[in-house]
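Take a look at the letters that make up each chain.
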Protein chains: 2
Amino acid sequence: MRIAIDAMGGDNAPDLIVRGAVEAAQEWPDTELLLVGDQSRIESLLDGRKLPNVTVCHAPDVIGPDEEPVKAVRRKKDSSMVIAGRLVKEKQADCMLSAGNTGALMTTGLLVVGRLNGIERPALAPILPTMDDVGVLSLDLGANMDAKPEHLLQYAIMGSVYRSKVHGIDKPRVGLLNVGTEARKGNELTKAAYDLLEEAPIHFIGNVEARDVLVRNCDVLICDGFAGNVMLKAMEGTANTVFSALKESFASTWMTKVAAAIMMPKLRQLKKKMDYTEHGGAPLLGLDGLIMKCHGSSDVKAVKNAVRQARIAVQVKLVQSIAAEINGK
Amino acid sequence: MRIAIDAMGGDNAPDLIVRGAVEAAQEWPDTELLLVGDQSRIESLLDGRKLPNVTVCHAPDVIGPDEEPVKAVRRKKDSSMVIAGRLVKEKQADCMLSAGNTGALMTTGLLVVGRLNGIERPALAPILPTMDDVGVLSLDLGANMDAKPEHLLQYAIMGSVYRSKVHGIDKPRVGLLNVGTEARKGNELTKAAYDLLEEAPIHFIGNVEARDVLVRNCDVLICDGFAGNVMLKAMEGTANTVFSALKESFASTWMTKVAAAIMMPKLRQLKKKMDYTEHGGAPLLGLDGLIMKCHGSSDVKAVKNAVRQARIAVQVKLVQSIAAEINGK
């Protein structure tokens with residue numbers, strides 16, 4: 001198995017990306033890692049170490065975090081991200097990972113790797129943290145703004161296959177984000193999507209509400225990118241606001257300062273548990289090849305975790321499984 | 001000034017509604033209150049007290065909390081809610097208040113009181129709590145699911161007039177709920193609405209994100225009912241989850257129990273601050289008459305507060321002011 005890693009994408013690139021790749025290469029000797037990026041910088045980071053399953057692929061260019069995605073992917077054909085995508089397209093790699101510009105990675109998926117036959121719109125599927133630490137695979141949380149009912153149906157099938165094949169969840173519960181749990185609730189989009197989801201080859205549990213997501217009311221959450229992103233940011237904002245208010249309360253008297261000293265470890269733990277960016281990579285589903293998005297802030301551990309997920313996805317033939325479900329074979 | 005009160009609507013009706021009305025009548029002797037509902041029950045609650053500014057209007061019927069709104073309003077013409085609406089329509093009352101079925105109250109507004117000339121869709125505008133206790137007037141949070149850009153424009157104008165006239169905020173900042181603060185962000189709806197809001201006679205501050213609403217990033221928040229409701233429920237759910245997790249942490253050892261004893265009052269205060277249902281009534285804007293929705297759980301204080309708001313709205317000629325702004329006069 002071969003996995004291409006965009007060594008130049010992300011806040012900590014190339015240093016921590018390369019270090020993460022080295023750890024992954026040591027842990028999984030059966031997996032060949034292709035480090036795509038500035039050859040001399042990567043080699044200096046490898047510091048003379050020769051690992052039999054690590055190869056450097058030189059890429060002279062890099063796509064920056066603020067570049068306009070489509071323009072960047074079209075123009076920077078020799079960027080680390082686009083070259084990694086090309087390796088997947090040309091079957092020289094089974095999967096690619098990147099912690100770089102999310103929009104550019106989506107575009108690389110669309111323009112370089114290409115959509116899977118039968119898929120109208122690929123989707124990024126991050127894990128939303130839940131209190132039980134299992135998380136909810138959510139698509140879409142903001143990659144595509146407007147969605148049609150058919151897109152939500154495809155998200156549901158893809159998410160369900162990923163959750164069962166890669167995460168090993170038997171009959172993953174698929175929920176539709178809505179304003180109430182009753183069947184006829186919602187806007188035109190969710191009403192139409194509901195009918196499609198009921199007929200789909202998935203374990204559809206009906207409408208779910210944003211207030212219950214943190215207690216994992218489903219395994220796969222389906223929503224359009226706008227509503228999903230609003231939900232995500234409302235959660236983030238509320239958690240941050242509560243933690244700030246608590247911090248202020250803790251600082252008010254010497255008694256509360258004592259309480260703070262006792263409670264701080266628990267609070268930090270809780271804050272971390274709810275931090276969306278702490279929770280691994282996200283697959284880009286619906287492409288004719290595998291792409292995993294790692295968080296921009298990915299560190300050594302995050303890169304290694306992403307390789308772990310990528311290996312499973314390759315092993316279980318994720319792309320072929322999704323193709324089979326989508327095309328009803 | 002005359003205000004009609006649906007004495008039979010809400011979880012605590014008629015008892016606390018009547019008691020709240022009595023306190024309001026004593027506080028504002030210039031305001032005549034028409035208590036609409038079961039005459040004998042209301043009179044027994046008044047317990048022989050004769051207040052010169054309280055009149056009982058008998059209504060033999062009641063619309064229940066779970067009744068289908070349109071059907072209920074059409075069929076129950078002698079319900080307390082519909083009769084109160086008719087008093088507004090026939091100019092026998094300047095405003096009506098109800099803590100009853102929200103959908104039925106919206107329908108009463110549309111079918112009994114009627115829309116204001118030039119308004120396509122009336123909206124319920126509740127106050128979303130913020131950390132500074134001022135709150136954000138938000139429309140729509142779920143009354144109308146799908147919205148067109150023109151609806152959002154009308155929400156913005158109505159919300160802005162309400163905030164400045166009734167709450168006395170000079171140049172209220174109007175924000176559009178979106179997935180980013182940059183101008184070209186969002187879905188088709190918000191992109192089109194953005195352009196309309198820029199041209200509107202309001203203080204439009206651009207796109208705002210759900211994560212900043214709790215720190216009051218605007219005075220009037222504009223969104224479609226689906227996204228608004230998802231945001232509201234994500235906030236509620238997150239706050240509740242954090243508080244539950246804290247409670248659990250507090251119970252874990254004797255040390256944390258000591259910390260809990262110290263922190264509990266602050267926590268309760270914070271929880272209350274964030275409780276959406278604690279924050280007064282919501283006007284139904286865009287009707288040819290005034291309707292205020294009180295929360296289902298309204299108590300004596302909530303009813304009195306709603307009367308206070310209603311008095312101001314009548315005094316500042318809210319309906320006429322909205323009509324003038326909408327029709328550009």
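- Per an unreviewed UniProt entry, the recorded name for chain A is Phosphate acyltransferase, and the organism is Paenibacillus thailandensis.
- According to the UniProt record, the Catalytic activity (unreviewed entry) comment for chain A reads "a fatty acyl-[ACP] + phosphate = an acyl phosphate + holo-[ACP]".
- As stated in UniProt under Function (unreviewed entry), the record for chain A gives "Catalyzes the reversible formation of acyl-phosphate (acyl-PO(4)) from acyl-[acyl-carrier-protein] (acyl-ACP). This enzyme utilizes acyl-ACP as fatty acyl donor, but not acyl-CoA."

### Quick notes on the confidence of the model for chain A
Phase 1: Per-residue pLDDT for chain A has a mean of 93; in total, 98% of the residues score no lower than 70.
Phase 2: For this predicted complex, the interface confidence score (ipTM) comes to 0.89, while the overall pTM stands at 0.90.

### Some words on the relation of the copies chain B and chain A
Phase 1: You can overlay chain B on chain A at an RMSD of 0.0 Å; the transform is a turn of 180° with a shift of 0.0 Å along its axis. Between the two chains, the operation in question is that of a two-fold axis. Closest to the rotation axis within chain B is the C-alpha of Ala259(B), separated from it by 2.1 Å.
Phase 2: Looking at the interface residues of chain B, 98% of them are also at the interface in chain A, so both copies use one shared face.

### Focus on the pattern of salt bridges
Phase 1: Taken as a whole and assessed by the stated rule, the structure comprises 25 salt bridges over all chains.
Phase 2: For Arg311(B), the salt bridge goes to Asp30(B), with nearest N and O atoms at 2.9 Å. A residue pair is termed long-range when its members are at least 10 positions apart, and Arg311(B) in helix 10 (residues 300-315) and Asp30(B) in the loop between helix 1 (15-27) and strand 2 (32-37) qualify at 281 residues.
Phase 3: Its relative accessible area of 11% is what places Arg311(B) among the buried residues.
Phase 4: Take Asp30(B): its relative accessible area is 48%, and that puts it in the partly exposed class.
Phase 5: The structure contains a network of salt bridges with shared partners spanning Asp132(A), Arg173(A), Arg216(A) and Asp219(A).

### Observations regarding the interface of chain B and chain A
Phase 1: At the junction of the two partners, chain B supplies 45 residues and chain A supplies 44 residues.
Phase 2: For the pair chain B and chain A, the summed buried area comes to about 4000 Å², and 77% of that belongs to carbon and sulfur atoms.
Phase 3: Looking only at chain B, the three residues that lose the most surface to chain A are Arg211(B), Phe226(B) and Lys233(B), adding up to 16% of its buried area.
Phase 4: Where chain B meets chain A, there are four salt bridges.
Phase 5: Between Lys233(B) and Glu209(A) there is a salt bridge whose closest N-O contact spans 2.5 Å.
Phase 6: One can count 12 residue pairs in polar contact (both at pLDDT 80 or more) joining chain B with chain A.
Phase 7: Looking at the side of chain B that touches chain A, the elements that each hand over two or more residues are strand 8 (173-178), helix 7 (188-199), helix 8 (225-250) and helix 9 (254-273) of chain B.
Phase 8: Ranked by the residues each element gives to the side of chain B that touches chain A, the list is headed by helix 8 of chain B, at 19 residues.

### Considerations on the side chain of Asn207(A)
Residue and element names in this part refer to chain A.
Phase 1: Tracing the backbone shows Asn207 in strand 9 (residues 203-209).
Phase 2: A relative accessible area of 4% places Asn207 in the buried class.
Phase 3: In this structure the side chain of Asn207 is engaged in a polar contact, spanning 3.1 Å, whose partner is the side chain of Asn178.
Phase 4: Here the side chain of Asn207 touches Glu182 through a polar contact of 2.6 Å, landing on its backbone oxygen.
Phase 5: With near-sequence residues (within four places) excluded, Asn207 lies in contact with Leu176, Asn178, Gly180, Thr181, Glu182, Ala183, Lys185 and Tyr194.

### Thoughts on helix 11 (residues 318-326) of chain B
Residue and element names in this part refer to chain B.
Phase 1: When helix 11 is considered as a whole, its buried residues turn out to be Leu318, Val319, Ser321, Ile322 and Ile326. Down the axis of helix 11, the sector holding all buried residues measures 165°, keeping them to one side.
Phase 2: For helix 11, the secondary structure elements touched by its buried residues are helix 6 (149-165), strand 11 (282-285), strand 12 (290-293) and helix 10.
Phase 3: Count one or two residues on from helix 11 and you reach Gly328, which has phi positive near 65°.

### Concerning the sheet that holds strand 10 (residues 220-222) of chain A
All names here are of chain A.
Phase 1: The five strands lie next to each other as 6-7-10-8-9, forming an open sheet whose pairing is mixed. Each edge of the open sheet carries a strand with a single partner, namely strand 6 (127-128) and strand 9.
Phase 2: In this sheet, strand 10 lies alongside strand 7 (residues 136-139) in parallel orientation, the contact comprising three bridges. Looking at the pairing, Leu139 lines up with Ile222 of strand 10.

### Quick look at the nonpolar core
Phase 1: Among the nonpolar cores identified, the biggest contains 70 residues, and Leu128(A), Met231(A), Leu246(A), Leu128(B), Met231(B) and Leu246(B) are the most heavily contacted of them.
Phase 2: Those elements that place two or more of their residues in this core are helix 8 (225-250) and helix 9 (254-273) of chain A together with helix 8 and helix 9 of chain B.
Phase 3: Contact partners of Leu246(B), with chain neighbours within four places excluded, come to Leu246(A), Leu267(A), Leu270(A) and Leu267(B).
Phase 4: In terms of nonpolar packing, the next biggest core, distinct from the first, is built from 64 residues, Ile5(A), Trp28(A), Val166(A) and Leu176(A) among them.

### Focus: the packing of aromatic side chains
The geometry of an aromatic ring pair comes down to the distance between the two centres and the angle between the two planes.
All names here are of chain A.
Phase 1: Per the stated rule, a full pass over the model turns up two aromatic pairs over all chains.
Phase 2: Ring centres of Tyr194 and Phe204 lie 5.1 Å apart, and the angle between their planes is 75°; this geometry places the pair in the edge-to-face category. Of this pair, Tyr194 sits in helix 7 (residues 188-199) while Phe204 sits in strand 9; the two residues are 10 residues apart in sequence, bridging distant segments of the chain.

### Comments concerning a nonpolar patch on the surface
Phase 1: Taken together, the side chains of Val70(A), Leu110(A) and Leu111(A) make up a nonpolar region of the molecular surface, amounting to roughly 230 Å² of accessible area.
Phase 2: The exposure class assigned to Leu110(A) is partly exposed, which follows from its relative accessible area of 41%.

Conventions and cut-offs
Residues numbered from 1 in each chain as written. Chains lettered and ligands numbered in written order. Predicted model: local features only at pLDDT ≥ 70, side-chain atom pairs only at ≥ 80, totals over all residues. Heavy atoms only, no water. UniProt positions renumbered as here; feature names shortened; annotations may be inferred. pLDDT = per-residue confidence, 0-100. Least-squares fit on C-alpha atoms with pLDDT ≥ 70 in both. Contact = heavy atoms within 4.5 Å. Salt bridge = Lys/Arg side-chain N within 4 Å of Asp/Glu carboxyl O. Helix = DSSP H or I, 4+ residues; strand = E, 2+ residues; numbered from the N terminus. Buried < 20%, exposed > 50% of the residue type's maximum accessible area, 1.4 Å probe, protein only. Buried area = accessible area lost by both parts, 1.4 Å probe. Polar contact = N/O pair within 3.5 Å; in protein donor to acceptor, adjacent residues only side chain to side chain. Arc of directions from axis to C-beta. Pairing = 2+ DSSP bridges. Core = buried A, V, L, I, M, F, W, Y, C linked by side-chain atoms within 4.5 Å. Phe/Tyr/Trp six-rings, centres within 6.5 Å; stacked < 30°, edge-to-face > 60°. Patch = residues over 30% accessible without salt bridge, like charges linked within 9 Å, V, L, I, M, F, W, Y side chains within 5 Å. Areas by Shrake-Rupley, 256 points an atom, 1.4 Å probe, with all protein chains shown as cover.

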